[in-house]
Amino acid sequence: MSTTAATPPTTDLTEKQRRILQYLRANVDERTYFKSRLIAEHLELSAKEVGANMRAIIDGNVDITVEKWGYSSGTTWKVTR
């Protein structure tokens, strides 16, 4: 099965939001919790940029579920399929 066919369109997302979503999709099967600062490091963004753009992913029509999970030493996101 092609992952492209199963992936809903994300045309309403900005480039940064699509990059964050792509990163989460690529890693969600290997882990569940993601820190904003670690996502930011991988994508060459700031943790603040990741957090500010996460709302669009949470509210969007995407194939993963994202929940704000904790604030200990930075925001942590729980991501599931």
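Reference entry: report on the structure contained in this document. (Residues numbered from 1 in each chain as written. Predicted model: local features only at pLDDT ≥ 70, side-chain atom pairs only at ≥ 80, totals over all residues. Heavy atoms only, no water.)

1. Some thoughts on the packing of aromatic side chains
Then, number 1: For the structure shown, the criterion picks out two aromatic pairs.
Then, number 2: Taking 6.2 Å as the distance between ring centres and 75° as the angle between the ring planes, the aromatic pair formed by Tyr23 and Phe34 counts as edge-to-face. Placement of the pair is Tyr23 in helix H2 (residues 15-27) and Phe34 in strand S1 (residues 33-35), with a sequence separation of 11 residues.
Then, number 3: For Tyr23, a relative accessible area of 10% gives the class buried.
Then, number 4: With a centroid separation of 5.6 Å and an interplanar angle of 50°, the aromatic rings of Tyr33 and Trp69 are classed as tilted. With Tyr33 in strand S1 and Trp69 in strand S2 (residues 65-70), the pair connects residues that are 36 residues apart, well separated along the chain. (Phe/Tyr/Trp six-rings, centres within 6.5 Å; stacked < 30°, edge-to-face > 60°. Helix = DSSP H or I, 4+ residues; strand = E, 2+ residues; numbered from the N terminus. Buried < 20%, exposed > 50% of the residue type's maximum accessible area, 1.4 Å probe, protein only.)

2. Side note on the nonpolar core
Then, number 1: In this structure, Ile20, Leu24, Ile39, Met54, Val66 and Val79 are the most contacted members of the largest nonpolar core, which totals 19 residues.
Then, number 2: Those elements that provide at least two residues to this core are H2, helix H3 (36-43), helix H4 (47-59) and strand S3 (76-80).
Then, number 3: It is H2 that provides the largest number of residues to this core, a total of four residues.
Then, number 4: Every residue in contact with Met54, bar those within four places of it in the chain, is listed here: Ile20, Leu24, Ile39, Val66 and Trp77. (Core = buried A, V, L, I, M, F, W, Y, C linked by side-chain atoms within 4.5 Å. Contact = heavy atoms within 4.5 Å.)

3. A word on the sheet that holds S2
Then, number 1: Taken in spatial order, the three strands make up an open sheet running S1-S3-S2, and their pairing is antiparallel. The open sheet has two free edges, formed respectively by S1 and S2, since each of these has just one partner strand. Pairwise comparison of adjacent strand axes, ignoring direction, gives a mean angle of 35° for this sheet.
Then, number 2: Relative to S3, S2 runs antiparallel, the two sharing five bridges. Each residue of the ladder has a partner; that of Val66, found in S3, is Val79.
Then, number 3: Lying over the sheet, H3 contacts S1 and S3, oriented at roughly 70° with respect to S1. (Pairing = 2+ DSSP bridges. Axes fitted to C-alpha atoms, helices over the stretch in contact; angles between N-to-C directions.)

4. Side note on the pattern of salt bridges
Then, number 1: Across all of its chains, the model carries six salt bridges by this definition.
Then, number 2: The residue Arg81 makes a salt bridge to Asp29 at a minimum N-O spacing of 3.2 Å. Of the two residues, Arg81 is situated in the segment after S3 and Asp29 in the loop between H2 and S1; the sequence distance between them amounts to 52 residues.
Then, number 3: Note on Asp29: relative accessible area 63%, which makes it exposed.
Then, number 4: Overlapping salt bridges bring together Arg25, Asp29, Asp63 and Arg81 as one network. (Salt bridge = Lys/Arg side-chain N within 4 Å of Asp/Glu carboxyl O.)

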